[in-house]
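Notes for the structure review
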Amino acid sequence: MKRVVITGLGAVTPLGNNLQSTWEAMLKGKSGANLITRFDTTNFKTKFACEVKDFDPLTVLDRKEARKFDRFTLYAIAVAQEAMKDSCLDLQNEDLNKFGVVWGSGVGGIETFENEVIAFAKGDGIPRYNPFFIPKFITDIAAGQISIMFGLKGLNYSTTSACASSAHAIADSFYHIRDGRATVIVTGGSEAPIIAAGMGGFNSMHALSTRNDDYETASRPFSQSRDGFVLGEGGACLILEEYEHAVKRGAKIYAEIVGAGMTADAYHITAPHPEGDGAVRVMKMALEEAQIQPEQVDYINAHGTSTSRGDVAEIMAIQKLFGNHAEKLNISSTKSMTGHLLGAAGAIEAIACVLAIKDSVIPPTINHQDGDDDPELPQNLNYTFNQKQPRNVDYALSNTFGFGGHNTCLLFKKV
């Protein structure tokens, strides 16, 4: 089996429009939350989200081309361009039949779908749909466009598993390269769900925080006063590459991916298993695949959405699997800063793990206040509250769980 390493990264998030600005803001503990600018929220229970700020699609495509794509694809193009540039791959001297794309998105071009259907409903009944309507909203179009843009002729598809979508994309990419079906895969995910239908739908489920008067601190994983997640958007890209190929060309290597797990709760369409059964099994699977012991893990980037039951179930799973070593782990939820990027969450959180390994620092879980400890959560664990913490990280786990009971875990190692 082949070894698989990460040789390029890219990000567009509510914290910044590139990798460096996102990571710097994350380490400073900045919140990406603000009042929604995309639509009138007067009649909505939640009036804030973690929007991407000042993103200009004309920096990645000309005006004519940019109009053909939904925002989720524009984010995908931007982060893929950044990651490919970062990787320093010379595509002219490569076998592009062995270069592929696996891209995750939970809802794809939902903004395009909403706009076109509303326009039809307000019209005269004649279906004057945009000729790009279908390719703008289908979830696979981001993967297709990335392959077209770079001429990548290997495997190419999208993954859709709610919030686990991009983590599944990364796991699949790892397996394809490990098993020799590809040499390089552009992987990750993107999402642009901050629209009226998205906010209204999640509000009807009572899933979102309604802390409108204190929105910057609304995403507060592991705190007793948490009242739901904060919706986010953006994209993140990782270039996964076969190790020997990367070494031969003198590539910069951020980290190695050494294990992945995929399980199902088989319990409920939206609620996690109350004892974290699927989460225990998915983390164990990743560790076993890498042939390491729980005691070797230094950092867990938790799914940590800031929902009442989800945070408890995940911490119960960590305690069950790691036992006494759980006290020695750093655990943090970067969703406290980025919000929940749905299908793109796994990719940006994988990058947080990779950079934690590279820079020997743990990004924080922000917005925790004194006296806000949750009595359902153990107080002897290090949730990395409010401040980054220096630490040598040899192994880092990234947990991602999605509606439908989809669980994915990625395990990264220092090279």
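Residues numbered from 1 in each chain as written. Predicted model: local features only at pLDDT ≥ 70, side-chain atom pairs only at ≥ 80, totals over all residues. Heavy atoms only, no water.

We now examine the pattern of salt bridges. Using the criterion set out here, one finds 21 salt bridges in the structure. Put simply, Asp298 and Arg391 hold a salt bridge, and the shortest N to O gap is 3.4 Å. With Asp298 in the loop between α10 (277-290) and β9 (299-301) and Arg391 in the loop between β12 (389-390) and β13 (395-402), this residue pair connects regions lying 93 residues apart in the sequence. Asp298 sits in the buried class, given a relative accessible area of 12%. Bridged by salt links that share partners, the residues Arg38, Arg71, Glu111 and Glu233 form one connected network. (Salt bridge = Lys/Arg side-chain N within 4 Å of Asp/Glu carboxyl O. Helix = DSSP H or I, 4+ residues; strand = E, 2+ residues; numbered from the N terminus. Buried < 20%, exposed > 50% of the residue type's maximum accessible area, 1.4 Å probe, protein only.)

What follows deals with the side chain of Glu242. By the secondary structure assignment, Glu242 is in strand β7 (residues 234-242). There is no salt bridge for the buried Glu242, and the closest opposite charge comes from Lys2, which lies 5.1 Å off by N-O distance. Polar side-chain contacts of Glu242 include one of 3.0 Å to the backbone nitrogen of Glu244. Among all residues touching Glu242, those that are not within four sequence positions of it are Lys2, Arg3, Ile177 and Thr183. (Lys, Arg positive; Asp, Glu negative; His and termini not counted. Polar contact = N/O pair within 3.5 Å; in protein donor to acceptor, adjacent residues only side chain to side chain. Contact = heavy atoms within 4.5 Å.)

Let us look at empty space enclosed by the protein. Taken as a whole and assessed by the stated rule, the structure comprises one cavity of 30 Å³ or more. Within this model, the largest cavity holds a volume of roughly 30 Å³. Mapped by element, the contributors of at least two residues to the lining of the largest cavity are α1 (19-28) and α13 (345-359). When grouped by side-chain class, the residues that make up the lining of the largest cavity number eight nonpolar, one polar and no charged. (1 Å grid on protein atoms, 1.4 Å probe; cavity = no way out; pocket = protein on both sides within 12 Å on 5 of 7 lines; lining within 4 Å. Points joined across faces, edges and corners; volume = space filled by probe spheres on them. Nonpolar A, V, L, I, M, F, W, Y, C, P; charged D, E, K, R; others polar.)

The next point concerns helix α4 (residues 110-122). The terminal C-alpha atoms of α4, which comprises 13 residues, lie 18 Å apart, in line with the 18 Å expected from a rise of 1.5 Å per residue. On the buried face of α4, the contacting elements are α3 (71-87), α5 (133-137) and α8 (196-204). (Expected span 1.5 Å × (residues − 1).)

If you walk across this open sheet you meet the ten strands as β5-β4-β6-β7-β1-β8-β14-β13-β9-β10, and the pairing is mixed. The two strands at the open ends of the sheet, each matched to only one other strand, are β5 (156-159) and β10 (330-332). On average, each strand axis in the sheet is tilted by 25° relative to the strand beside it, whichever way the strands run. Strands in contact with helix α6 (residues 141-150) are β4 (99-104), β5 and β6 (184-191); relative to β4, the strand with the most contacts, it is inclined by about 155°. Against the sheet, α10 engages β8 (255-264), β13 and β14 (406-413), with an angle of about 145° to β8. (Pairing = 2+ DSSP bridges. Axes fitted to C-alpha atoms, helices over the stretch in contact; angles between N-to-C directions.)

Moving on, we get to the packing of aromatic side chains. Geometry of an aromatic ring pair is reported as the spacing of the ring centres plus the angle between the planes. Summed over all chains, the structure comprises 13 aromatic pairs. Measuring from centroid to centroid gives 5.2 Å for Phe133 and Phe137, while their planes differ by 35°, and the two rings are tilted. Of this pair, Phe133 and Phe137 both sit in helix α5, four residues apart, which is roughly one turn of that helix. Through a chain of ring-to-ring contacts, three or more aromatic side chains come together here, namely Phe113, Phe120, Tyr129, Phe133 and Phe137. It is Arg3 that lies over the ring of Tyr243; its NZ or CZ is 4.0 Å from the centre. Here the guanidinium or amino end of Arg178 rests over the ring plane of Phe174, the centre of that ring lying 5.6 Å away. (Phe/Tyr/Trp six-rings, centres within 6.5 Å; stacked < 30°, edge-to-face > 60°. Lys NZ or Arg CZ within 6 Å of the ring centre and 35° of its normal.)

Here we come to the nonpolar core. Ile6, Leu9, Leu238, Leu240, Ile257, Leu410 and Phe412 are the most contacted members of the largest nonpolar core, which has 49 residues in total. Of all the elements in the fold, those that place two or more residues in this core are β1 (4-12), α1, α7 (165-178), β7, β8, α13, β11 (361-362) and β14. In terms of residue count, α13 provides more of this core than any other element does, eleven residues in total. Look past the residues within four positions of Leu240 in its chain and what remains in contact with it is Val4, Val5, Ile6, Ile170, Ser173, Phe174, Ile177, Thr183, Val184, Ile185, Thr187 and Ile257. (Core = buried A, V, L, I, M, F, W, Y, C linked by side-chain atoms within 4.5 Å.)

This next bit is on the packing of α7 against α13. Interaxial distance between α7 and α13 falls to 5 Å at its minimum, and their mutual angle equals 60°. Every residue of α13 that contacts α7 at Ser166, Ala167 and Ile170 is listed here: Ala345, Gly346, Ala347 and Ala350. Classifying every residue of the contact of α7 with α13 gives five nonpolar, two polar and no charged.

Within the secondary structure, Asn380 is located in the loop between β11 and β12. Considering only alpha carbons, one finds Asn380 and Val280, 100 residues apart in sequence, at a separation of 19 Å. With residues up to four places along the chain from it excluded, the contact list for Asn380 reads Gln319 and Glu327.

Attention shifts here to α1. Every buried residue of α1 is accounted for by Leu19, Thr22, Trp23, Ala25, Met26 and Leu27. Check the buried side of α1 and you find it contacts β1, α3, α12 (335-338), α13 and β11. Capping the start of α1, Asn18 holds a side-chain oxygen 3.3 Å from the backbone nitrogen of Gln20, two or three residues further along. At the C-terminal side of α1, Gly29 shows a positive phi close to 75°.

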